[in-house]
Amino acid sequence: MTTAIGRRTHPLWFLLPAYALLLVFFVLPTAYQFVYAFTDWSGFKASINPVGVDNLTQLASDGTLFRALRITVVYAVLVAIFQNVFGFGLAVLLERDTALNRIARTFFLIPVLMSALAVGYVFQALLKGTGALADTTWTLPVVALIHAWKWMGLAMLIYLAGLKTIPLDLLEAARLDGASRWHSFWRVRAPLLAPAVTFNVATALLGSMNGFDIVQATTGGGPARTTELLNIFIYRTFGQGLFAQATTMSLVLFLLVALMAFPVIVLLRRREEVL
Amino acid sequence: MSRRLQPVAVIVLVAVVIGIPLWLVIATAGKSQGEAIDPNLRPPTHWHLLDNVRQVWVDADVPAAFVGSLLIVVPTVAAVLVLGSMAAWVLARRASRLTAVLYAAGISGIILPPAVVTVVLLLRQLGLAGTALGMIGVYLGIYLSTVIFFVTGFVRTIPEALEEAARIDGAGPFAVFRKVVLPLLRPVLATATILICLYVWNDVFYAFFVIGGRLDTLPLNLFRVASAGLYLNNWHLIFTYVILMSLPLVVVFAVAQRRIISGITGGAVK
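Residues numbered from 1 in each chain as written. Chains lettered and ligands numbered in written order. Predicted model: local features only at pLDDT ≥ 70, side-chain atom pairs only at ≥ 80, totals over all residues.

Looking at an unreviewed UniProt entry, one finds chain B named ABC transporter permease protein AmyC and attributed to Actinoplanes palleronii. Note on chain B: under the UniProt heading Sequence similarities (unreviewed entry), the record states "Belongs to the binding-protein-dependent transport system permease family." (UniProt positions renumbered as here; feature names shortened; annotations may be inferred.)

Going by the annotation in an unreviewed UniProt entry, the name recorded for chain A is ABC transporter permease, with Actinoplanes awajinensis subsp. mycoplanecinus given as the source organism.

Some points on the overall build of chain B
On a plain count of helices and strands, chain B comes out with 13 helices and zero strands. Ordered by position in the sequence, the α and β elements of chain B form the string α-α-α-α-α-α-α-α-α-α-α-α-α. The principal-axis extents of the C-alpha atoms in chain B amount to approximately 70 × 65 × 30 Å. Considering chain B as a whole, with its 270 residues, one finds that 47% of them fall into the buried category. (Helix = DSSP H or I, 4+ residues; strand = E, 2+ residues; numbered from the N terminus. Buried ≥ 20, exposed ≤ 12 C-beta atoms within 10 Å, placed from the backbone.)

Considering the overall build of chain A
Assigned secondary structure in chain A consists of 13 helices and zero strands. Here the C-alpha coordinates of chain A stretch approximately 75 × 70 × 35 Å along the principal axes. Taken across its 275 residues, chain A has 45% of its residues classed as buried.

Some remarks on the interface of chain A and chain B
One frequently used descriptor of interface size is the decrease in accessible area upon assembly of the parts. Residue-level contacts link 66 residues of chain A with 66 residues of chain B. Ranked by residue count, the leading element in the side of chain A that touches chain B is helix α2 (residues 16–36) of chain A, at 13 residues. Tallied by class, the residues present in the side of chain A that touches chain B amount to 50 nonpolar, 14 polar and two charged. (Contact = placed C-beta atoms within 7 Å. Nonpolar A, V, L, I, M, F, W, Y, C, P; charged D, E, K, R; others polar.)

Quick look at the UniProt feature "transmembrane region" (unreviewed entry) in chain A
All names here are of chain A. UniProt's entry tags residues 12–35, 73–94, 106–126, 138–161, 190–209 and 242–268 with the feature "transmembrane region" (unreviewed entry), counted in the numbering of this structure. Helix makes up 83% of residues 12–35 and strand 0%. Its end C-alpha atoms lie 32 Å apart. For the annotated span residues 138–161, helix accounts for 96% and strand for 0% of the residues, and the straight-line distance between the end C-alpha atoms is 34 Å.

A word on the confidence of the model for chain A
Here chain A averages 89 in pLDDT, and 96% of its residues register 70 or above. Least confident of the elements in chain A is helix α1 (residues 3–9) of chain A, whose mean pLDDT is 71; most confident is α2(A), at 97. (pLDDT = per-residue confidence, 0-100.)

A short note on the domain arrangement of chain B
All names here are of chain B. Here chain B is partitioned into domain 1 (5–47) and domain 2 (62–269). On a C-alpha basis, the centroid separation for the pair domain 1 and domain 2 is 33 Å. Contact residues are listed per partner, giving nine residues for domain 1 and eight residues for domain 2. No other element matches helix α1 (residues 5–29), which puts three residues into the side of domain 1 that touches domain 2. The class makeup of the residues in the side of domain 1 that touches domain 2 is five nonpolar, three polar and one charged. (Domains from an automatic or database assignment.)

As for helix α7 (residues 132–155) of chain B
The sharpest bend along α7(B) measures roughly 40° and falls at B:Tyr143. Most of α7(B) sits inside the fold, with 20 of its 24 residues counted as buried. (Bend = angle between axes of the 7 residues up to and from the residue.)

Concerning the UniProt feature "transmembrane region" (unreviewed entry) in chain B
The UniProt record annotates "transmembrane region" (unreviewed entry) at residues 7–26, 64–89, 101–123, 129–151, 188–215 and 235–256 of chain B. Counting secondary structure, residues 235–256 of chain B comes out at 100% helix and 0% strand; the distance between its end C-alpha atoms is 32 Å.

Here we look at the packing of helix α4 (residues 64–93) of chain A against helix α10 (residues 194–209) of chain A
A packed helix pair is summarised by two numbers, namely the angle formed by the two axes and the spacing between the axes. All names here are of chain A. Where α4 contacts α10, the axes come no closer than 8 Å and their chain directions differ by 145°. You can see that α4 and α10 cross each other, and the crossing is right-handed. Here Thr72, Tyr75, Ala76, Val77, Val79, Ala80, Gln83, Asn84 and Gly87 of α4 lie close against α10, whose contacting residues are Asn200, Val201, Ala204, Leu205, Ser208 and Met209. Taken together, the residues of the contact of α4 with α10 break down into nine nonpolar, six polar and no charged. (Axes fitted to C-alpha atoms, helices over the stretch in contact; angles between N-to-C directions. Left-handed = near helix turned anticlockwise from the far one by under 90°.)

Comments concerning the UniProt feature "domain: ABC transmembrane type-1" (unreviewed entry) in chain A
Following the UniProt record, the feature "domain: ABC transmembrane type-1" (unreviewed entry) maps to residues 69–264 of chain A here. End C-alpha atoms of residues 69–264 of chain A are separated by 17 Å, and the span's content is 78% helix alongside 0% strand.

Things to note about the packing of α2(A) against helix α4 (residues 62–93) of chain B
Running from N to C, α2(A) and α4(B) cross one another at 115°; their axes reach a closest spacing of 7 Å. Judged by the inter-axis angle, α2(A) sits roughly perpendicular to α4(B). Here A:Pro17, A:Ala18, A:Tyr19 and A:Leu21 of α2(A) lie close against α4(B), whose contacting residues are B:Leu83, B:Gly84, B:Met86 and B:Ala87. Here the residues of the contact of α2(A) with α4(B) are counted per class, giving seven nonpolar, one polar and no charged. (Parallel < 35°, antiparallel > 145°, perpendicular 65-115°, else oblique.)

What to know about unusual backbone geometry
Trans peptide bonds make up the majority, and among non-glycine residues the majority have a negative phi. For the peptide bond that leads from A:Gly222 to A:Pro223, omega is -5°, which places it in the cis range. Positive phi is not limited to glycine here, since B:Asp61 has a value of about 60°. Position of B:Asp61 among the secondary structure elements: in the loop between α3 (49–59) and α4. Judged by the 14 C-beta atoms lying within 10 Å of it, B:Asp61 falls in the partly exposed class.

So, the nonpolar core
Counting 170 residues, the largest nonpolar core has B:Val80, B:Ala87, B:Leu144, B:Val147, B:Ile148, B:Val151 and B:Val210 as the members making the most contacts within it. Per-element tally for this core: the top contributor is helix α7 (residues 139–164) of chain A, with 17 residues. For this core, the two domains that each supply at least three residues are domain 1 (5–47) and domain 2 (62–269) of chain B. (Core = buried A, V, L, I, M, F, W, Y, C linked by C-beta atoms within 7 Å.)

Looking at the confidence of the model for chain B
Residue and element names in this part refer to chain B. This prediction gives chain B a mean pLDDT of 89; 93% of its residues lie at or above 70. Across chain B, helix α6 (residues 118–126) holds the top mean pLDDT of 96, while helix α13 (residues 235–269) sits lowest at 78. Scored as a complex, the prediction yields pTM 0.91 and ipTM 0.90.

Some thoughts on the environment of B:Asn221
Residue and element names in this part refer to chain B. In this structure, Asn221 sits in helix α12 (residues 218–227). In the structure, Asn221 is positioned 89 residues away from Ala132 in sequence and 15 Å away in space, judged by C-alpha atoms. Discounting chain neighbours no more than four positions away, the residues touching Asn221 are Ala60, Ala65 and Asp216.

Rendered as structure tokens:
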């Protein structure tokens, strides 16, 4: 389509409302973070003054910054692993279109519909008295498992769709060539699932770095702050009126996700091409 | 796995992985306070579900929170779908460097986390702090990306010839969009609707910052009462609330299940 015709038939002003809203409610607050992270903005006084990198050095020097970063990244990686292993396993198990499998798929979608907060309360009640939510080492993986439990139904759906896109004649050819079922699965089908893997790993990894509800409802960041994700820290300090500290951590989260998003997506895309 | 063993494995898996947590919710929601203090999987000796619903309904002021949730979810979903598809249509049809850059920028919000703290300051400057309008604006800023991503991909699969016919009849771009494009988008809009409903209906994190303490929604209300002394150890009331809050979404999903599933999966793997 030439530009002149495009201008008439698909005018750019159609973009205006959506992009104006994105600018005001997404880009602008994000830009603000780069300013207010370097001020003394708080709930205790009216004026806001620049303080340089004080917030950052303070968070770094008492160890809060790196602990929260480490916890958030470990959590995200664990969620991505659990969610994809479960989702993939379910998709393979429930692949055939039988009545029982269809019902089972619906059941695995119920957690996806539930609020994450509710899921957190359910598991808090379920695990009460077992000590699983009171261990300074093992509670983080337990909470990541709960997160994966909530979203594995969605990962399952996407893997199921990926399995359906694989042409039958390809499998037929592999079988005629004498490939075992195990062999044809890993050599023929698994590589063709690459787009589904890309989508699932990227969304699980980057989405869970922005996690809050499940951890807040199960542990509130405890025990001894060993499950305090960046968002839990932001929520807590915001509640204490320490707005500049909260903004600083929010900026750290933004940069962390932005920095990880790029290599994660490029890496997974490249894997698709090689396979 | 052998064909005889597979159904057994499926039933056991569903019963343990999904059945146990769901049963805990239902059984606990049916118990009296004394029985529910230590949540367990025993069925209630007497079912108190309706009493519990009545108590939650009145004590936690569920009707007000329900209205608050609707007041925010409905306009958010309507605006995000219409404005998002308008933008997506033009982005999909005009192939230029500018639209490519705008598209990349438009969908980056799917992954990048929103600035929850400074958005509060911005809303205060705009005079929208603590209002439904401010909350809707924040959700639009977050979820327009998702709609632009799904709809742009979908528009590219629709042949443009369908638009030409209307254009030859003299229809302007707005008429073409409303009468030809929008109806064709129905499958993908159904998916986007459920996804956005899911996110907004269940959101507590963004709502806490923007409208916390000023306006009540169902998740905010649940969060408040569950963290407050009022509901401490009142598991029967917490789980009754969970059922009340989840019911509307489960009904929507049950009605539109097929379409939703095909829509979600189509957008992700292509």
